[in-house]
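# A look at the structure
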Amino acid sequence: MAPERDLSRSFELGPYVLGAFICEHALEEKNGTLSFIRVIDRITRTAQGPNIPEQMEPFVHNFNLVVLLKSGENPGNFRVGVQPIKPNNDRLSPLSFTVNLPPPQEQGSCVIGQVSFPFDLPGLWWFDVTLNDVRVTRIPM
């Protein structure tokens, strides 16, 4: 495998982030066309009945985490990381994927991770997206 690219200076020549988001379903057609169903940025947890807890009880939510990349003038192997950050700023173990971005520059890759994620605090969660440990964007939830 070729060595990873050093991205510490600039993304001026790529790779480029085409999109980074969370959705309920990701579909790939036989011809390679992708469809993303129910893009979400908010989860609402409700409780009903006579014994409603005062604080949110932890729960697990299933979703797809999607990162779309284009090579630009910087093709090669890249490590894609996704770092979940709780509302209290605690950092959880990152998810990590390796992608190969081929030439020419309009080519790219799509990382789709099926995630069963435990939410244990109410509030704004962040998912920092990195390429070779350099943050390129954030996904709010």
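Our subject is the structure listed above.
I will try to describe carefully the structure that is included in this document. (Residues numbered from 1 in each chain as written. Predicted model: local features only at pLDDT ≥ 70, side-chain atom pairs only at ≥ 80, totals over all residues. Heavy atoms only, no water.)

### Things to note about the overall build of the chain
- When helices and strands are tallied, the chain shows 0 helices and 8 strands.
- Overall, the chain shows an N-to-C arrangement of helices and strands of β-β-β-β-β-β-β-β.
- Considered along the principal axes of its C-alpha atoms, the chain spans approximately 60 × 35 × 25 Å.
- Of all 141 residues assigned to the chain, the portion counted as buried reaches 33%.
- Counting contacts in the chain only where the partners sit at least 6 residues apart, residues at least 24 apart contribute 66% of the total.
- Put simply, the chain shows about 9,000 Å² of open surface, and 47% of that area lies on carbon and sulfur atoms.
- Distance between charge centres in the chain, computed from 12 positive and 15 negative side chains, equals 0 Å. (Helix = DSSP H or I, 4+ residues; strand = E, 2+ residues; numbered from the N terminus. Buried < 20%, exposed > 50% of the residue type's maximum accessible area, 1.4 Å probe, protein only. Contact = heavy atoms within 4.5 Å. Areas by Shrake-Rupley, 256 points an atom, 1.4 Å probe, with all protein chains shown as cover. Lys, Arg positive; Asp, Glu negative; His and termini not counted. Charge placed at Lys NZ, Arg CZ, Asp CG, Glu CD.)

### A short note on the pairing of strand S1 (residues 16-28)
- Across 7 bridges, S1 lies against strand S3 (residues 59-70) in antiparallel orientation. Within the sheet, the bridge partner assigned to Tyr-16 lies in S3 and is Lys-70.
- Where S1 lies against strand S2 (residues 34-40), 6 bridges are found, and the strand directions are antiparallel. Residue pairing across strands places Cys-23 opposite Val-39, the latter belonging to S2. (Pairing = 2+ DSSP bridges.)

### Quick look at the packing of aromatic side chains
- Within this structure, the stated rule accounts for 9 aromatic pairs.
- Taking 5.1 Å as the distance between ring centres and 80° as the angle between the ring planes, the aromatic pair formed by Phe-21 and Phe-36 counts as edge-to-face. Here Phe-21 is found in strand S1, whereas its partner Phe-36 is found in strand S2, with 15 residues between them in sequence.
- For Phe-21, a relative accessible area of 16% gives the class buried.
- Their ring planes at 65° and their centres at 5.4 Å tell us that Phe-117 and Phe-127 sit as a pair that is edge-to-face. Note that Phe-117 is positioned in strand S6 (residues 108-119) and Phe-127 in strand S7 (residues 126-131), a separation of 10 residues in sequence. With respect to burial, Phe-117 and Phe-127 carry one shared label: buried.
- Feature note: the residues Phe-59, Phe-63, Phe-117, Phe-119, Trp-125 and Phe-127 constitute an aromatic cluster, connected by ring pairs.
- Of note, Arg-138 hangs over the ring of Trp-126, and the distance from its end group to the ring centre comes to 4.3 Å. (Phe/Tyr/Trp six-rings, centres within 6.5 Å; stacked < 30°, edge-to-face > 60°. Lys NZ or Arg CZ within 6 Å of the ring centre and 35° of its normal.)

### Looking at the sheet that holds S6
- Spatially, the 4 strands line up as an open sheet ordered S2-S1-S3-S6, and their pairing is antiparallel. Here the strands that pair on one side only, and so sit at the sheet edges, are S2 and S6. In this sheet, adjacent strand axes meet at a mean angle of 50° when their direction is disregarded. (Axes fitted to C-alpha atoms, helices over the stretch in contact; angles between N-to-C directions.)

### Comments concerning the nonpolar core
- By size, the foremost hydrophobic cluster in this structure holds 22 residues, and its most contacted members are Ile-22, Phe-63, Leu-65 and Phe-127.
- For this core, the elements supplying multiple residues, two or more each, are S3, strand S4 (76-85), strand S5 (95-101), S6 and S7.
- The dominant element in this core, judged by the number of residues it contributes, is S3, at 5 residues.
- When residues no more than four places from it in sequence are discounted, the contact partners of Phe-127 are Ile-22, Phe-63, Leu-65, Val-82, Gln-83, Pro-84, Phe-117, Thr-137, Arg-138, Ile-139 and Met-141. (Core = buried A, V, L, I, M, F, W, Y, C linked by side-chain atoms within 4.5 Å.)

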